[in-house]
Amino acid sequence: MRRPLFAFILVALLLLSLAKLLIRDPSSPHNAPQSPTPPEAAPTTGTASLQFHERDEETPTRPSLARKPLNGPQIPSNERDSLWANLDEARREIRPLDERQQSLEGNEGVHYFTHNPGQKLTARFLDSGVRIESSRPRRGWSGTLSLAGHPTTPEVASENHEVRYQHQGVTEWYVNRPEGIEHGFHIPIRPGEADDDGLVLKMNLEGLRAAPLGDREIDSSDLQFETTDGEPVVAYKGLLAWDAEGRDLPAAMHPTDDGFQIVLDDREATYPVTIDPW
């Protein structure tokens, strides 16, 4: 009776070993379902404001996810693209800070926070301005941008990807788009301080300084924001301005000691006027 029992045990062990070879461990990383391949990034238009300069540093690439799933059905390309689009929308959403977050270091006076994954920027929206910082490791620059000449604290509101500052006579807005953070102004009536030379909007810039964009065209007034060491970190460009009739208005940007100014020739303009460095 011992031999049949021994033979049975031996056969069972052989079958168990064969089963382990045929069936992979689902907890193995090699068996984990592969993530869908991200869609090709749309080329930037070259007009996004607050674009991070990729100088002296290679742009990090997302790890390749092109391998097909080893098991299970593949995600259709349209569903995959929709999945990535929804993820991008969620990552760029502007969110309010709760009391615990406001108590953390660096968040004093911050109402809203957002991140731009495409440009690797973070933005903290304060009482009357925005603090832009790099989210890259070992990139410690920070700059705060605010509209000058408005002593009263504006009303601040946010919805989805947009923040609005309601100043007296000027609505200032920021939109977190895939290409960068867009900045603009809406002016309903001509301000009393405007003169025959046009309208001037003065911007304060702390932590960084404004300078002419290094590779800008001859007739362009595009700017770049630099660190105190002269390193360009942010591009501020693509200035456009138009009036209520849809007519383009001449406008230019100039560095100043405190930041920069936007000069608009509104002598022939029909208000309201929109100014959009984008």
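Note that the structure is a prediction, hence the values are computed from the model and not measured.

Reading the values: the criteria
- Every chain's residues receive numbers from 1 upward, in the order its sequence appears when written.
- Thresholds applied to this predicted model are a pLDDT of at least 70 for local features of residues and 80 or more for the giving and counting of side-chain atom pairs; totals over whole chains, interfaces and linings are not thresholded and use all residues.
- The side-chain quantities take in all heavy atoms of the structure and omit both hydrogens and water.
- Helix and strand assignments come from DSSP, with helices taken as H or I runs of at least 4 residues and strands as E runs of at least 2, each series counted from the N terminus.
- Buried residues are those whose accessible area, probed at 1.4 Å on protein chains only, stays under 20% of the maximum for their type, while exposed residues exceed 50% and partly exposed ones sit between those limits.
- Note on contacts: a residue pair is in contact if any heavy atoms of the two residues lie within 4.5 Å.
- Each accessible area value is a Shrake-Rupley result obtained with a 1.4 Å probe; residue values ignore everything except the protein chains displayed when judging cover.
- Pairs of N or O atoms within 3.5 Å make up the polar contacts considered here, provided that, within protein, one atom can donate a hydrogen while the other can accept it, and that residues adjacent in sequence are counted only when both atoms are side-chain atoms.
- By the convention used here, strands pair only if DSSP detects at least 2 bridges between them.
- Between N-to-C directions, angles span 0 to 180 degrees; the directions come from axes that are lines fitted to C-alpha atoms, helices contributing only their stretch in contact.
- A pairing counts as a salt bridge when a side-chain nitrogen of Lys or Arg comes within 4 Å of a carboxyl oxygen of Asp or Glu.
- The rule is short: rings of Phe, Tyr and Trp, with Trp giving its six-membered ring, pair when the centres are within 6.5 Å, and they are stacked under 30 degrees, edge-to-face over 60, tilted in between.
- We call a set of buried Ala, Val, Leu, Ile, Met, Phe, Trp, Tyr and Cys residues a nonpolar core when their side-chain atoms join them within 4.5 Å.

Regarding the overall build of the protein
What the protein contains, in helices and strands, is three helices and 18 strands. For the protein, the residues scored as buried account for 37% of the 278 residues in total. When contacts within the protein are restricted to residue pairs at least 6 apart in sequence, those whose partners lie at least 24 apart make up 53%. Of the roughly 17300 Å² that the protein leaves accessible, carbon and sulfur atoms contribute 52%.

Here we look at the side chain of Glu182
Structurally, Glu182 can be placed in strand β10 (residues 180-187). For Glu182, a relative accessible area of 4% translates into the label buried. Within polar-contact distance, the side chain of Glu182 engages the side chain of Arg177 at 2.3 Å.

Section: the sheet that holds strand β15 (residues 239-242)
Spatially, β7-β8-β9-β10-β18-β15 is the arrangement adopted by the six strands of the open sheet, whose pairing is antiparallel. Two strands in the sheet have a free side with no partner beyond their single neighbour: β7 (155-159) and β15. Between one strand and the next, the sheet's axes are offset by a mean angle of 15°, whatever the strand orientation. Bridging between strand β9 (residues 170-177) and β10 involves seven bridges; their strand directions are antiparallel. Counterpart to Tyr174 in the pairing with β10 is His183.

Let's talk about the sheet that holds strand β4 (residues 121-125)
What the eight strands build is an open sheet, ordered β2-β3-β4-β5-β6-β11-β17-β16; its pairing is antiparallel. If you trace the sheet from one side to the other, it starts and ends with β2 (95-96) and β16 (251-255), each paired once. With six bridges connecting them, strand β11 (residues 199-206) and strand β17 (residues 259-264) associate as antiparallel partners. The partner of Met203 across the bridge, within β17, is Phe260.

Brief notes about the pattern of salt bridges
Applying the stated criterion to the full structure yields twelve salt bridges. Each of Asp88, Glu89 and Arg92 takes part in salt bridges that share partners, so that together they form one network.

Observations concerning the packing of aromatic side chains
Counting across every chain of the model gives five aromatic pairs. Ring centres 6.3 Å apart and planes at 80° place the aromatic pair Tyr165 and Tyr174 in the edge-to-face group. Side by side, Tyr165 and Tyr174 carry an identical accessibility label, which is buried. Ring plane angle 35° and centroid distance 5.8 Å describe the contact between Phe225 and Phe260, whose orientation is recorded as tilted. A residue pair is termed long-range when its members are at least 10 positions apart, and Phe225 in strand β13 (residues 223-226) and Phe260 in strand β17 qualify at 35 residues. For the residue pair Phe225 and Phe260, the accessibility class agrees, reading buried in each case.

Digging into unusual backbone geometry
A cis amide bond, omega 10°, links Tyr271 with the succeeding residue Pro272. Position of Pro272 among the secondary structure elements: in the loop between β17 and β18 (273-277). A positive phi is found at Lys120, a non-glycine position, where the angle reads about 55°. Residue placement: Lys120 occurs in the loop between β3 (112-116) and β4. Classification of Lys120 by relative accessible area gives partly exposed; the value is 27%. Positive phi, close to 55°, is recorded for Asn160, a residue that is not glycine. The residue Asn160 is located in the loop between β7 and β8 (162-167) in this model.

Quick word on the nonpolar core
The biggest cluster of nonpolar side chains holds 40 residues, and the ones touching the most others in it are Phe125, Phe260, Ile262 and Ile275. The biggest single contributor to this core is β11, with four residues. When neighbours within four sequence positions are excluded, Phe125 is seen to be in contact with Ile94, Gly109, Val110, His111, Tyr112, Thr114, Val130, Val163, Tyr165 and Tyr174.

Observations concerning the environment of His167
Assignment of secondary structure puts His167 in strand β8. Of the residues examined, His167 reaches a relative accessible area of 6% and is grouped as buried. His167 sits 16 residues away from Pro151 along the chain, and the two C-alpha atoms are 9.4 Å apart. What His167 contacts, discounting residues up to four positions off in sequence, is Leu147, His150, Pro154 and Glu172.

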